[in-house]
Amino acid sequence: MKQKFVKDPSTLMPLFKDGQKILAGGFGISGTPLTIIDVIAASNVKNLKIVSNNLGDNGIGLHQLFIRGQIKKAIGSFFTMNREAVLAWTKGELQIDLLPQGTLAEAIRCGGAGIGGFYTKTAVGTELANGKEERVIDGERYIFEKAIKGDVAIIRAKKADQLGNLIYHTTARNFNPMMATAADVVIAEVDEIVEVGEIDPEHVVTPHVYVDYIIQTAYQKEGGQYVKQRCSI
Amino acid sequence: MKQKFVKDPSTLMPLFKDGQKILAGGFGISGTPLTIIDVIAASNVKNLKIVSNNLGDNGIGLHQLFIRGQIKKAIGSFFTMNREAVLAWTKGELQIDLLPQGTLAEAIRCGGAGIGGFYTKTAVGTELANGKEERVIDGERYIFEKAIKGDVAIIRAKKADQLGNLIYHTTARNFNPMMATAADVVIAEVDEIVEVGEIDPEHVVTPHVYVDYIIQTAYQKEGGQYVKQRCSI
Amino acid sequence: MSNKDVRFKIAPRIADELEDGQVVNLGIGIPSLVNAFIEGKEVYLQSENGLLGIGPPPSQDEFDIDLINAGKEPVTLANGAALFSSADSFAMIRGGHVDVAVLGILQVDTRGRIANWAVPYQPILGVGGAMDLVAGAKKVIGAATLFAKDGSSKIVKELTYPISGIRFIDLLITEFAVFSFNKEEMVVNEILVDMSIEELSDKIGIPLKWRELVG
Amino acid sequence: MSNKDVRFKIAPRIADELEDGQVVNLGIGIPSLVNAFIEGKEVYLQSENGLLGIGPPPSQDEFDIDLINAGKEPVTLANGAALFSSADSFAMIRGGHVDVAVLGILQVDTRGRIANWAVPYQPILGVGGAMDLVAGAKKVIGAATLFAKDGSSKIVKELTYPISGIRFIDLLITEFAVFSFNKEEMVVNEILVDMSIEELSDKIGIPLKWRELVG
């Protein structure tokens, strides 16, 4: 059995390179692979294109990469709360591709599923449809969206077995299952790693074929926030 | 709470009408809603368009509807084993739309997901791409496929709670979850109906919003086949 | 009334529109207050980050920062809830499986098209699930105070804010009145304050008429 | 050799090509026999009807007609298996996540394009997952007896049977030899019978050459 579990997350650093497109799971802080993001921060890679719903918050998660100037472009659905990101965009220091949240989720799913693009009814007739092909199908208007793929996906799950089968925790599932399918290299950060067979085949959300590396999270929930427990890197 | 459980399946008969497009779950006999198909047979509705991977077998499942002359058109991926269907097609008595199995599954998923159509790499350059739009996306060739929706979906699950949340049994899951999303009326045939709360929210495969009616199956597995236990209709 | 009072006047009126058995998505802002007024109704709350079946707000013990709604507020799971990915959640929304979306609006035109995601001449950097809900929900209820902070009416002849989609909403609930949009025509269903329809027309600068009650 | 012997000669040779850790989809026919020869290898068998992790054939007690492979034969779940829908299964296949697809073929041309789903002048009424696997798997191994029942070679200059996709397969394993297709050129990797490459060339009517062994 391939050893996917990596005890020391910092050994994953060479996977990250300047200019990569990285898919990062999470909606707000929920379901965000905080430990892996710390590795990316420590790696000092630059000019990253980040595909994620938003850019973290308060110096945690992707916000950290933004503060450190590692992000060149953000592709996501909601950056309004990332005030410095808005400012950086105004100054031309950050590129932003804004997509409706459902279009973002679907484009990533298609990227992992061998689908080149799709027609969605969302955003038809709006500014976010500017420059996009429109087509009428069975009398309804749709716009074309291309699939999204990444070089690396960093995802957050609850539990992995040693093979790499994953299950998630409540709404921390969010973008993680699609991102797991849509990148060349997939790293999963989990709370717990169990023996093969401990996850019921009916309950697996992400089958092991999608997962390349597994690390244990260095963060725990304490008093309503995530607190780093171990200095992993 | 809306009462979705229907004790007497025959009372569902008025849901079926001549000329409807019916999505029917199942791969072979596995995951086929046999009891609901018996209701359709008894209803004597005609000119049905059936969307299903294949057309049942040996007088069981959809094969029954075919024998009774209720099917005008079959949309699916594999009819080679349905010898009479092949013959009927040759005679012009049955229309067939053949799609690759993955294209069929994806088209039904899109039908339920507000996606008008999609570009797939499957079948490019083959006879099954004849008449279909081709597009190059990022240097790869794809063909366009339209989403599929139905008037009624008939599906087979393992367990429903009273709300209509569903879980499935092994490979009997197959086309059922997508079909549950892609029709105006959805009827689920299950082994067991349990109280709300008995299915873990993390394990629900089909959320209750998709399910309109639930019936208990009249069939049980005995000696390697499905045997009708109760005369439900 | 204070702004807070006004919002708490609108929220229960919205709750009145919800029916047993409906799957409802409550947007951020006024719509999120509706949750407090639906007790006793069998309404199933959908949250676009991947949940059908939001329960009551969590107690201190139940609090889990991973379990949140689309407004990133902590929630609980209702009995019979289901959890799923964002792709599956927006498939549910866009595919027309959510019965009602209650959305805060910035503007609505007299045909029922809304603007609720961006402000003119400001960087457009957030949309979230707004456009998916507008495009996908079976019924859309707009919720807003009738006037913006600068005193202008949010009901306008032509939108000046960026549009959220080509779909016409069904109902607009404000602190002054409930409006409905049928066949792209706006009518007044109900006035919630001591004011005639003529006075309300004057106030917003658009001639209003009552909904014709059909038999 | 009887036809059965031949098939059982091809199957273990295919198994030799599979590597620990690979996710493999075995098609109907000869490929389905491979399962019996991979014991001891950590290969994860994918079945397009919605399963990753096929276990050994079921005993009488384990037999469940719902739990089947794509050939509709009863199977069991391996330790660490995962179950999913047909849409998710073909997302896995088409998205390039299956390492190896082993497919029965009817014809292959000398560049590596295959025909494996239909026969000329016959009604075309079945395709199943054949085209998805051809288009999507990272590596495709074709499996066939070298000659059809009428004695014609299945390796042809131009396909006369309907093509299964534009993708070139990687390897063809027959009872006579193993062929590989690199940069759209067919070469012989290995001859499995007591026969020279010239004799084999004569037999199939196409000039053959050995794979150049690099480094």
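On a predicted model such as this, the values are computed, not experimentally measured, just so you know.

J.: A description of the overall build of chain A should follow, citing residues and the corresponding values.
T.: Tallying secondary structure elements over chain A gives five helices and 15 strands in all. Taken over the C-alpha atoms alone, chain A extends approximately 50 × 45 × 35 Å along its principal axes. Per-residue burial over chain A gives 63% buried out of 233 residues. A separation of at least 24 residues holds for 72% of the contacts in chain A among residues at least 6 apart in sequence. As displayed, chain A offers around 8400 Å² of accessible surface, 47% of which is attributable to carbon and sulfur atoms. Taken together, the 26 basic and 26 acidic charged side chains of chain A have centroids lying 4 Å from each other.

J.: I'd love a proper account of the pairing of strand β15 (residues 225-228) of chain A, names of residues and values included.
T.: Bridge count for strand β14 (residues 219-222) of chain A against β15 of chain A is four bridges, and the pairing is antiparallel. Bridge pairing links Gln220 of chain A to Val227 of chain A in β15 of chain A.

J.: A description of empty space enclosed by the protein should follow, citing residues and the corresponding values.
T.: The final tally for this structure, using the stated rule, is five cavities of 30 Å³ or more. Along its surface, the largest cavity is lined by 41 residues, and Val205 of chain B, Ser85 and Asp88 of chain C together with Ser85 and Asp88 of chain D are the ones closest to its centre. Per-class residue counts for the lining of the largest cavity are 24 nonpolar, nine polar and eight charged.

J.: Run through the packing of helix α4 (residues 101-112) of chain B against helix α3 (residues 86-94) of chain D, naming residues and quoting values.
T.: As a packed pair, α4 of chain B and α3 of chain D sit with axes 8 Å apart at the nearest point and diverge in direction by 125°. Considering their axes alone, α4 of chain B and α3 of chain D lie oblique with respect to each other. In the packing of α4 of chain B onto α3 of chain D, the handedness of the crossing is left-handed. Residues Gln101, Gly102, Thr103, Ala105 and Glu106 of chain B of α4 of chain B form the contact with α3 of chain D, whose own contacting residues are Ser86, Ala87, Phe90 and Arg94 of chain D.

J.: Give a description of the pattern of salt bridges that names residues and reports values.
T.: Applying the stated criterion to the full structure yields 40 salt bridges over all chains. Measuring nitrogen to oxygen at the nearest pair gives 2.7 Å for the salt bridge that ties Lys221 of chain A to Asp66 of chain C. Of this pair, Lys221 of chain A sits in strand β14 while Asp66 of chain C sits in the loop between β3 (51-54) and β4 (77-83), each in a different chain. Ionic pairing is found between Lys138 of chain D and Asp99 of chain D, a salt bridge with its closest N-O pair at 3.1 Å. Placement of the pair is Lys138 of chain D in the loop between α4 (130-136) and β8 (139-143) and Asp99 of chain D in the loop between α3 and β5 (100-104), with a sequence separation of 39 residues. Connected through shared salt-bridge partners, Glu133 and Arg135 of chain A together with Glu133 and Arg135 of chain B make up one network.

J.: Account for the sheet that holds strand β12 (residues 192-194) of chain A, naming residues and giving values.
T.: Residues and elements named next belong to chain A. Read across the sheet, three strands follow the order β10-β9-β12 without closing on themselves; strand pairing throughout is mixed. Looking along the sheet, the strands with just one partner apiece sit at the ends: β10 (166-167) and β12. Of the pairings in the sheet, the one linking strand β9 (residues 159-161) to β10 comprises two bridges and is antiparallel in character. Bridging from a neighbouring strand, Lys159 pairs with Ile167 of β10.

J.: Which residues make up the side chain of Arg156 of chain B, and what are the values?
T.: All names here are of chain B. Relative to the helices and strands, Arg156 resides in strand β8 (residues 150-161). On the basis of relative accessible area, Arg156 is assigned to the buried category, the value being 7%. Polar side-chain contacts of Arg156 include one of 3.1 Å to the side chain of Asp191. Excluding anything up to four places from it in sequence, Arg156 contacts Gly31, Thr32, Pro33, Tyr168, Ala172, Asn176, Glu189, Val190, Asp191, Thr217 and Tyr226.

J.: Before we move on, could you go through unusual backbone geometry and cite the residues and values that matter?
T.: Residue and element names in this part refer to chain C. Within the chain, Glu184 stands out as a residue other than glycine whose phi angle is a positive 65°. Relative to the assigned elements, Glu184 resides in the loop between β11 (177-182) and β12 (185-191). By relative accessible area, which is 35% here, Glu184 ends up partly exposed.

J.: Can you explain the interface of chain A and chain C? Please cite residues and give values.
T.: If you look at the interface, chain A gives 45 residues, while chain C gives 36 residues. Inspection of the region where chain A meets chain C yields three salt bridges. Among the salt bridges present, the one from Arg94 of chain C reaches Glu106 of chain A, with a minimum N-O distance of 3.4 Å. Where chain A touches chain C, the interface holds 19 residue pairs in polar contact (both at pLDDT 80 or more). Looking at the side of chain A that touches chain C, the elements with two or more residues in it are α3 (83-90), β4 (95-98), α4 (101-112), α5 (176-179) and β15 of chain A.

J.: How would you sum up the interface of chain A and chain D? Please name residues and give values.
T.: On the chain D side, the residues contacting the 19 residues of chain A number 19 residues. Note on chain A versus chain D: buried area summed over both sides is about 1500 Å², and carbon and sulfur give 59% of it. For the pair chain A and chain D, the number of links is zero salt bridges. Linking chain A with chain D are seven residue pairs in polar contact (both at pLDDT 80 or more), by the criterion used here. Per-class residue counts for the side of chain A that touches chain D are 10 nonpolar, six polar and three charged.

J.: Tell me what's going on with the pairing of strand β7 (residues 140-146) of chain A, and back it up with residues and numbers.
T.: Residues and elements named next belong to chain A. Two elements, strand β5 (residues 115-120) and β7, share four bridges in a ladder whose sense is antiparallel. Within β7, the residue paired with Phe118 across the bridge is Glu145. Looking at chain direction, strand β6 (residues 134-137) and β7 are connected through four bridges and run antiparallel. Within β7, the residue paired with Glu134 across the bridge is Ile143.

J.: Mind laying out the packing of aromatic side chains, listing which residues take part and the relevant values?
T.: Under the counting rule described, the total for this entry stands at nine aromatic pairs over all chains. With a centroid separation of 5.7 Å and an interplanar angle of 85°, the aromatic rings of Phe144 of chain A and Tyr119 of chain B are classed as edge-to-face. Highlighted residues: Phe144 of chain A in strand β7 and Tyr119 of chain B in strand β5 (residues 115-120), drawn from two different chains. An identical accessibility class is assigned to Phe144 of chain A and Tyr119 of chain B; each is buried. Ring centres of Phe147 of chain D and Phe176 of chain D lie 5.6 Å apart, and the angle between their planes is 85°; on these two criteria the pair is classed as edge-to-face. Taken together, the residues Phe147 of chain D in the loop between β8 and β9 (155-156) and Phe176 of chain D in the loop between β10 (171-173) and β11 (177-182) connect sequence positions 29 residues apart. You'll find Phe147 of chain D and Phe176 of chain D in the same group, each marked buried. Grouped by ring-pair contacts, the aromatic residues Tyr119 and Phe144 of chain A together with Tyr119 and Phe144 of chain B constitute a single cluster. In this structure, Lys72 of chain C is placed above the aromatic ring of Phe27 of chain A, and the distance from its NZ or CZ to the ring centre is 4.7 Å.

J.: Lay out the environment of Gly116 of chain B with the relevant residues and their values.
T.: Examined against the element boundaries, Gly116 of chain B turns out to sit in strand β5. A sequence separation of 32 residues divides Gly116 of chain B from Glu84 of chain B, and the C-alpha atoms of the two residues are 34 Å apart.

J.: Residue-level account of helix α5 (residues 197-204) of chain D, with values.
T.: Residues three or four positions apart in an α-helix share a direction because the helix packs 3.6 residues into each turn. All names here are of chain D. Buried within α5 are the following residues: Ile197, Leu200, Ser201 and Ile204. Axial view of α5: buried residues confined to an arc of 105°, hence all on one face. Residues of α5 that are exposed and point over 90 degrees away from its buried face: Glu198 and Asp202. In this fold, the buried residues of α5 make contact with β9, β11 and β12 (185-191).

What counts and how
Residues numbered from 1 in each chain as written. Chains lettered and ligands numbered in written order. Predicted model: local features only at pLDDT ≥ 70, side-chain atom pairs only at ≥ 80, totals over all residues. Heavy atoms only, no water. Helix = DSSP H or I, 4+ residues; strand = E, 2+ residues; numbered from the N terminus. Buried < 20%, exposed > 50% of the residue type's maximum accessible area, 1.4 Å probe, protein only. Contact = heavy atoms within 4.5 Å. Areas by Shrake-Rupley, 256 points an atom, 1.4 Å probe, with all protein chains shown as cover. Lys, Arg positive; Asp, Glu negative; His and termini not counted. Charge placed at Lys NZ, Arg CZ, Asp CG, Glu CD. Pairing = 2+ DSSP bridges. 1 Å grid on protein atoms, 1.4 Å probe; cavity = no way out; pocket = protein on both sides within 12 Å on 5 of 7 lines; lining within 4 Å. Points joined across faces, edges and corners; volume = space filled by probe spheres on them. Nonpolar A, V, L, I, M, F, W, Y, C, P; charged D, E, K, R; others polar. Axes fitted to C-alpha atoms, helices over the stretch in contact; angles between N-to-C directions. Parallel < 35°, antiparallel > 145°, perpendicular 65-115°, else oblique. Left-handed = near helix turned anticlockwise from the far one by under 90°. Salt bridge = Lys/Arg side-chain N within 4 Å of Asp/Glu carboxyl O. Polar contact = N/O pair within 3.5 Å; in protein donor to acceptor, adjacent residues only side chain to side chain. Buried area = accessible area lost by both parts, 1.4 Å probe. Phe/Tyr/Trp six-rings, centres within 6.5 Å; stacked < 30°, edge-to-face > 60°. Lys NZ or Arg CZ within 6 Å of the ring centre and 35° of its normal. Arc of directions from axis to C-beta.

Distances and angles like these do not, on their own, reveal function.
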